[in-house]
Amino acid sequence: MNSPLSCKNLRVFSKSVACKCLVLVGIALFYRALLLSYSPRNALSNSLLFRARHMSDSSSTGGIRTDKFLEVPQIVWGLNNQKIAFARACLTARMMNRTLLMPSLSASLFYKEVDKLRPIPFDKVFQLERFNSLCSGFVRLARFSDVRNRAQVFDLEKGSGRRWTVERDLEHLKQSARNESIDEFEVIRVIGKNPFLWHDHWPVEDYAKVFECMVVVDEISREADKVVMKIREAGEAERAKLKSKTEIPGPIPFVAVHMRIEIDWMIHCKKLEQRKKVSEICSCKREIMERVGNISGLKTPTVLYLAVADTLLEEKEEDSSVLTGWRDGLIPFEKKKLGVKEEIYGKYSYLLQSAIDYEVCLRADVFVGNSFSTFSSLIVLERTQKARKLGFMSSCKDGENKWRSYAYNLAGESKGVPRRWMTNMTHSSLQAISYGSNSVSCSSG
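Residues numbered from 1 in each chain as written. Predicted model: local features only at pLDDT ≥ 70, side-chain atom pairs only at ≥ 80, totals over all residues. Heavy atoms only, no water.

The protein is annotated in an unreviewed UniProt entry as O-fucosyltransferase family protein from Arabidopsis lyrata subsp. lyrata. Under Sequence similarities (unreviewed entry), UniProt gives the following word-for-word description of the protein: "Belongs to the glycosyltransferase GT106 family." (UniProt positions renumbered as here; feature names shortened; annotations may be inferred.)

> What is the right way to look at the state of the cysteines in this model?
As used in these notes, a disulfide is a covalent bond between sulfur atoms, one from each of two cysteines. As enumerated under the stated definition, the model contains three disulfides in all. Two residues, Cys135 and Cys213, share a disulfide whose sulfurs are 2.1 Å apart. Across the S-S bond of Cys135 and Cys213 the torsion is about 90 degrees, and the bridge reads as right-handed. Of this pair, Cys135 sits in the loop between α4 (128–134) and β7 (141–142) while Cys213 sits in helix α7 (residues 204–213); the two residues are 78 residues apart in sequence, bridging distant segments of the chain. Just as Cys135 is buried, Cys213 falls in that class too. Between the sulfur of Cys269 and that of Cys282 lies a disulfide, 1.9 Å long from S to S. Looking down the S-S bond of the Cys269 and Cys282 bridge, the torsion is 125 degrees, so its handedness is right-handed. In this pair, Cys269 is assigned in helix α9 (residues 263–276) and Cys282 in the loop between α9 and α10 (285–293), connecting sequence segments 13 residues apart. Going through the protein in sequence order and numbering each bonded cysteine, the pairs you get are 1-2, 3-4, 5-6. Free cysteine: Cys90, not disulfide-bonded; nearest cysteine sulfur from Cys135 at 7.1 Å. (Disulfide = S-S within 2.5 Å. Helix = DSSP H or I, 4+ residues; strand = E, 2+ residues; numbered from the N terminus. Buried < 20%, exposed > 50% of the residue type's maximum accessible area, 1.4 Å probe, protein only.)

> Hey, could you run me through unusual backbone geometry in this one?
Glycine aside, residues mostly have negative phi, and peptide bonds are mostly found in the trans state. A positive phi is found at Trp77, a non-glycine position, where the angle reads about 85 degrees. Among the structural elements, Trp77 can be located in the loop between β3 (69–71) and α3 (79–95). Backbone geometry at Lys277 places phi at a positive 60 degrees, although glycine is not the residue there. Examined against the element boundaries, Lys277 turns out to sit in the loop between α9 and α10.

> Just to check I follow, could you spell out the pairing of strand β11 (residues 302–307) for this structure?
Note on strand geometry: in a regular strand, side chains alternate between the two faces of the sheet. By the criterion of burial, β11 is predominantly enclosed, with six of the six residues buried. Side chains Thr302, Leu304 and Leu306 project from β11 onto one buried face, and the interleaved Val303, Tyr305 and Ala307 project onto a second face that is buried too. The pairing of strand β10 (residues 254–258) with β11 spans five bridges and is parallel. Paired with Phe254 across the two strands is Val303, which belongs to β11. As judged from the four bridges shared by β11 and strand β12 (residues 330–333), these two strands associate in the parallel manner. Note on β12: the bridge partner recorded for Thr302 is Leu330. (Pairing = 2+ DSSP bridges.)

> Explain the side chain of Thr374 here, please?
Topologically, Thr374 is positioned in helix α13 (residues 374–389). The class of Thr374 is buried, set by a relative accessible area of 14%. Contact partners of Thr374, with chain neighbours within four places excluded, come to Asn80, Asn81, Ile84, Ile433 and Ser434. (Contact = heavy atoms within 4.5 Å.)

> I'm lost on empty space enclosed by the protein in this one. Help?
Empty space among the atoms becomes apparent when a probe as large as a water molecule is rolled across them. This model, assessed by the stated rule, comprises four cavities of 30 Å³ or more. In this structure, the largest cavity spans a volume of roughly 80 Å³. In terms of lining, the largest cavity is formed by Pro73, Gln74, Ile75, Val76, Ala85, Asn194, Pro195, Phe196 and Leu197. (1 Å grid on protein atoms, 1.4 Å probe; cavity = no way out; pocket = protein on both sides within 12 Å on 5 of 7 lines; lining within 4 Å. Points joined across faces, edges and corners; volume = space filled by probe spheres on them.)

> Please explain the confidence of the model for the protein as it appears in this structure.
Here the protein averages 85 in pLDDT, and 81% of its residues register 70 or above. A low-confidence stretch, residues 34–58 stays under pLDDT 50, and its non-local contacts, those more than four residues away or across chains, total 33 contacts. (pLDDT = per-residue confidence, 0-100.)

> Can you help me understand the sheet that holds β7 in this one?
The pairing of strands in a sheet comes from backbone hydrogen bonds and takes either a parallel or an antiparallel form. Spatial ordering of the open sheet is given by β7-β4-β3-β9-β8, a layout of five strands whose pairing is parallel. Each of the sheet's edge strands pairs with one partner strand only, and the pair in question is β7 and β8 (153–157). Inspection of the sheet shows strand β4 (residues 99–101) paired to β7 by two bridges, in the parallel sense. Within the sheet, the bridge partner assigned to Leu100 lies in β7 and is Leu141. Contacting β3, β4 and β7, α3 crosses the sheet at an angle of about 140 degrees to β4. (Axes fitted to C-alpha atoms, helices over the stretch in contact; angles between N-to-C directions.)

> What should I look at first to understand the packing of aromatic side chains in this one?
Scanning the model with the defined rule gives seven aromatic pairs in all. Measuring from centroid to centroid gives 5.9 Å for Tyr358 and Phe375, while their planes differ by 85 degrees, and the two rings are edge-to-face. In this pair, Tyr358 is assigned in helix α12 (residues 350–362) and Phe375 in helix α13, connecting sequence segments 17 residues apart. The structure contains a cluster of three or more aromatic residues connected by ring pairs, namely Phe86, Phe122, Phe126 and Phe131. Across from the ring centre of Tyr358, 3.8 Å away, lies the NZ or CZ of Lys83, which sits over that ring. Looking at Lys335, its charged tip hangs above the ring of Tyr345, at a distance of 5.1 Å from the centre. (Phe/Tyr/Trp six-rings, centres within 6.5 Å; stacked < 30°, edge-to-face > 60°. Lys NZ or Arg CZ within 6 Å of the ring centre and 35° of its normal.)

Structure representation (structure tokens):
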């Protein structure tokens, strides 16, 4: 009779334990794969499987189907929130392997009175054909006249509010993308309250690709050229007064400063500081002037273009004026002093005025903004892209990087200077740009 510790029994026991271990490992791997399939990181990869099924479709351009469309509601809020919302709509259409129907933007700015929003077609602000050429194979836009059957529309409701979380939004998109019965419809129409304004599922690089394709129409570009020419001419006039023509060869450099000190912004940023428990969002006029004046490498004279809210242009008292208090050698101008407020900006709606100002700031030799402003953040993103194409991956050292940018609300490497600022292109979402951040640096990743 074998003893309990005999060799035969030990072999049987060992085999039994080994089998149980293998089963447990198999179960663990199964659940791990199941959980990973639902993780946000793999969600977009899963959606690519859906897109791959249609890559061989004869009605496609570079893999984007031209016979299936996504329709979105009118896009609202300020210029740069609208640009982000538009990019998000493009990336949603890409996820579903559909062409985005050209949406309406909003020419006016009303946060609550939606009925007063004035729609303006996308192609009145940005070039449609140029967009499709630059974004070929990535995303695509079409006109509503390209739809064959307007009756064949599926309404896809996108939720909002606190319960409609990022994860829930992403899962909703994934399920819709995988649903073949929904995909049979020629048009999927997204409905809901500002459905593309908040939730974010794509990396910064994907947004940057869309933004690069958004080239303003020639009319806006020409108006921006006129403003820049006025700034340069003002610089030449100042140089002539100072008789310093030999100090700076070529055009007088100009620095664009996106100055956020209007009352409604200060109320907003103070509340934001309290909520986030930080103290580096608001900057007073004095702090902005001090930090801009301490930027290294600025020659004398240097022209400042102050991109400010129109309400600040009407200040009567000298102490309140944005034009007074700058250090010697910095010559400040704003729209009114340049003589372009009525002549150029006054001809256009709020949205187009913002687009002109954006282009002017983008073309500056140096840009200084607030890292919690979407306007400033998107300008820095585009300037970062331009710098990277020239081989500048950081701006941590003084040099010939013509696309230098700074955040005046954040302290730099030494006292009294603003922080050098480049967009981190490796971020997995647009969170820092959409909501602002005090974690900006001089490196693009």
